[in-house]
Each structure stands twice: as C-alpha cells, then as structure tokens.
Amino acid sequence: MSSTPIYSEFKPLLNQSVGYGVVVGVGFFFAFMMLILTTLQRKFFKFSPTSSEEFTSASRSVKPGLVCCGIVSAWTWSATLLQSSTAAYTFGVSGPWWYGVGGTIQVCMFGMVASKVKMNANGAHMFLEIVRARFGTAGHILFTFYGFLCILIVCGSLLLGGAATVNALTGMNINAACFLLPIGIAIYVIFGGLRATFICDWSHTLILFIIIYMFIFRAYGTSPAIGSISQLYDLLQQAAFDSPVVGNQDGSYLTLKSNQGLVFGAATILSGFAGVFCDQGYWQRAIASHPESTTKAYMLGGLSWFAVPWAFASCLGLSARALLHNPNFPTYPSPLSPSQSSAGLAAPAAAAVLMGKGGAIAMLLVVFMAVTSAASAELIGVSSLFSYDIYRTYFRPQATGEEIVRVSHYFICFWAVWMGCWGSILNAGNIDLGWVRFIFMLLQFTPMHSPLALLCAGGCP
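Residues numbered from 1 in each chain as written. Predicted model: local features only at pLDDT ≥ 70, side-chain atom pairs only at ≥ 80, totals over all residues. Heavy atoms only, no water.

**Student:** Please explain the packing of helix H7 (residues 174-222) against helix H11 (residues 294-322) as it appears in this structure.
**Tutor:** In a packed pair of helices, the relevant descriptors are the angle between the two axes and the axis-to-axis distance. Here H7 crosses H11 at 35°, and the two axes come no closer than 10 Å. For the element pair H7 and H11, the recorded crossing hand is left-handed. Between H7 and H11, the contacting residues are Leu208, Phe209, Ile212, Phe215, Ile216, Ala219 and Tyr220 on the first element and Ser304, Ala307, Val308, Ala311, Phe312, Ser314, Cys315, Leu316 and Ser319 on the second. Its residues assigned to classes, the contact of H7 with H11 shows 13 nonpolar, three polar and no charged. (Axes fitted to C-alpha atoms, helices over the stretch in contact; angles between N-to-C directions. Helix = DSSP H or I, 4+ residues; strand = E, 2+ residues; numbered from the N terminus. Left-handed = near helix turned anticlockwise from the far one by under 90°. Contact = heavy atoms within 4.5 Å. Nonpolar A, V, L, I, M, F, W, Y, C, P; charged D, E, K, R; others polar.)

**Student:** I would appreciate a short explanation of the confidence of the model for the chain in the present structure.
**Tutor:** Interpretation of this model should avoid reading the predicted coordinates in detail wherever pLDDT is low. Summary statistics for the chain give a mean pLDDT of 82 and a share of 89% for residues scoring 70 or more. The least confident element of the chain is helix H16 (residues 449-453), whose mean pLDDT is 51; the most confident is helix H8 (residues 229-242), at 90. Overall, residues 457-461 carries pLDDT values under 50, and its contacts beyond four positions in sequence, including any with other chains, amount to 13 contacts. (pLDDT = per-residue confidence, 0-100.)

**Student:** What am I meant to see in the nonpolar core here?
**Tutor:** Inside soluble globular proteins, nonpolar side chains tend to come together where they are buried. In this structure, Phe110, Tyr298, Phe312, Leu316, Met363 and Trp415 are the most contacted members of the largest nonpolar core, which totals 147 residues. Top contributing element to this core by residue count: helix H13 (residues 346-395), with 27 residues. Apart from residues no more than four positions distant in its own chain, Leu316 is found in contact with Ser85, Phe215, Ala346, Ala347, Ala350, Ala351, Leu354 and Met363. (Core = buried A, V, L, I, M, F, W, Y, C linked by side-chain atoms within 4.5 Å. Buried < 20%, exposed > 50% of the residue type's maximum accessible area, 1.4 Å probe, protein only.)

**Student:** Is there a simple way to think about the environment of Phe30 in this case?
**Tutor:** With respect to the helices and strands, Phe30 occurs in helix H1 (residues 16-44). On the accessibility criterion, Phe30 (10% relative accessible area) is buried. Between the C-alpha atoms of Phe30 and Ile187, which are 157 residues apart in sequence, the distance is 9.3 Å. Apart from the residues within four sequence positions on either side, Phe30 is in contact with Tyr188, Cys200, Ser203, His204, Ile207 and Met369.

Take a look at the structure:
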C-alpha cells in the first residue's frame, strides 16, 4: 500500500516587515519619482498628462526603444517568472524553452496587426473603436466584455503570483499583499498617464535583467551549492535517476524530447495569443508608438522578451530541482508540494538556496517589479476602455478631453481597489496561479484571437 507523501511548509527567510517594506515602500518610491518626472515634463516639455491624447496614447510619439521596453515589461508577468520556473522544475529544460517560444510568437505576430492599425486607423485610441466601426454595436459590446474579462484575469494572475511569493518569502498576509500592491501603481498611473508607465517599464526592465544576471552568475559561477554548469549537470542527472520525468527521453531534465513539454508549449501558445490579442495594453502601445517604427518595436520586444523566461527559468527552475536535497532548501527534506509548485514557488526556493536572504530579497524585488510594471499597463488600459468605449460611446458622446481624463482617474482608483478584492476572492477560493494562467485563459479567450488578428487584415475602416 502506498503511503500519502508528507510535505513541509515553505519556511520564510525574511521578516514580514521586509515584505511590507518592499510592497509599500518601493511602490511609493516609484510613485514619488513619477510625480517628480511628471511635474518636470509638464513644466519643460510640450506633453502634459492633463490632455486625453497624452494620458491615454502618449501623444503617439514614443520611439521604438521605449516601446520595446514597454512590451518586455508588460509581457513579463509574475507568471512569466514563476510559472516558467515551475515548468523547468517539473519537466526540465523544455519548460522554459516552450514558455519563451510560446510568448514570443504572439508579440512578433502582433507587430503586423500594429502596423495595420498605424496605417489605417492611426486616429483610434482603443482597438474597440475599430471593432465598433467595422462590426457595429453588437460586436463592440462583445469585444468590450472580452477586453474587460482579459484584463480581470491578467490582474488576478499578477496579484496571485506576487502575493504568493511575498507570503512564501516573508510570511506577509496574502490578502494584505493583494490590496497593497496596486496602490503605489495607481498613484503614478493617475499622475503620469501612459508615458509614466513607459518610463517605469524602462526602469523595471533594467532592474529585471540585472537580477537575472545576478542569479545566472551566482548559480553557474560562485555558489557553493552549484558553482558550475558541469556540477548542475551532475545534480540534474542524479535528479533524473531519483525522480525521472514521465514522458521525457530517459527521464532526463536536460532533454527537449518531452511529451509534457510539448503539451505545455501548445497550451502556452494558445493562451498567449489570447493574452496578447485581447489585452488593450498591447494595442495601446501600438497606438502610442511612432508610426515609422511600430513593427520594429514589436519584433524587438518579442525577441528581447524571450530571454526573460529562458534565462530566468532555466537557471532557477533547474537549480530548484537540482538542490532538492540541499539542507538549505526551504521545504527540506521534502520536495515542493503540488500546491507550492502550482503557486510558482520553485524560483523563490532556488533563490533562497543560492543566495540566502540576499536571494530572497532579489526574488521579492524582481517579482514586485513584474507585478507593478504589468499592472500599470493593465490600469491605464482598463481606464481607457471604460472612458472611451463605455462612458464616451454610450453615456456622453460629446465628452471633452478633460472629462475623459477625470473619468479615467476615477476608474483607475476603482479598479485598483477591485484588483485587491479580486485577488482576495481568488485566494479564498483556493484558485492558484497555475489555474488562472492557463486553464481560464485557454478556455475563455482562445476563440477570440483569430477575429482580432484578422481585424485589420483587409484594412481598418
């Protein structure tokens, strides 16, 4: 008779005060910096976030480098870091490979749609305006529903992943994290608009890549737990002997010949199409970009983003599997439980072993950056959807730019609070990151990406 496996709790490395300090302190630090930059922009430049064109579309003048950073940052959800690492931990190197491929394809393909938007509908603010012009009110209402639902699920994914990581590393209450994470983001989005999110995207992407390099050099170079690629190879060979991966060639974690990896790749590609083509954040960046460089920005953004899940997860996800029997592993002597794996805790576990408390802080910071940068794109996107496609379209067609900005501010405040409520509801229902990231998006949105991809194929009206 087989016995039920016994799992250990994930032991926090940091105090709760560190969690609250990062979530509140760093969040308000970025909000304060954006307030300063917005004030300087208003004083010395022609762009003012009090204008509806500047607030929602950055005056359609953003250069390709900044758009590229915005795409990388907006597509780097907490799930990007956590679920790709879980995939590497579960079935090996094919996990981060397929995660990267499955997210790059959609962004690069979206570049073609973005170029058609700039060519044929450069005056649009939202993709739903194009939908209404082509398909009428019924199509507009349908796609508005899907637009809001997509943003709702993305926000749930962001908060669940971020809150679970903060809770695992510091013991901070998950519901408190869900409510506190959006506050600082909402402040700088309200004051700076879309251009402020681009500036934060650049800074967040810079910090993200610095931390990825830190983990890579630590894992493959200086860590006493691993210290070299050859040592990691030996540890993974032993892991394949102890717990071989079903469906992988010889049960190895170092093969791309993986049945589970192939299924994971298919699910990632399908759900990723839904996450890009139904998300107003990507359309908004296309509208905000300089007309001559839209496609270039999306191609560069998609290819640059591939490095994030591939480098991050192949380092930390495989390290987590290799270091299961290390006494410093947070759940030693047990492996991660299924619920811990689904919550995305493979990467935090590896970071804790490789760098101790420093690794935990770095992991906390990088997940926080992922949550805030992607959430800022969702906040400006959802406020624009409401102000242009509901308020101005159905309630006040003659609304001025000043009114639209004011309504956007109100809705950002509302959505920031609702994000906290939504994250707490999902947590209370024991719905974790893995379920939201793949199952819900795959079932709800996959049928919708084809009409949106073809929307501009014959020329926008």
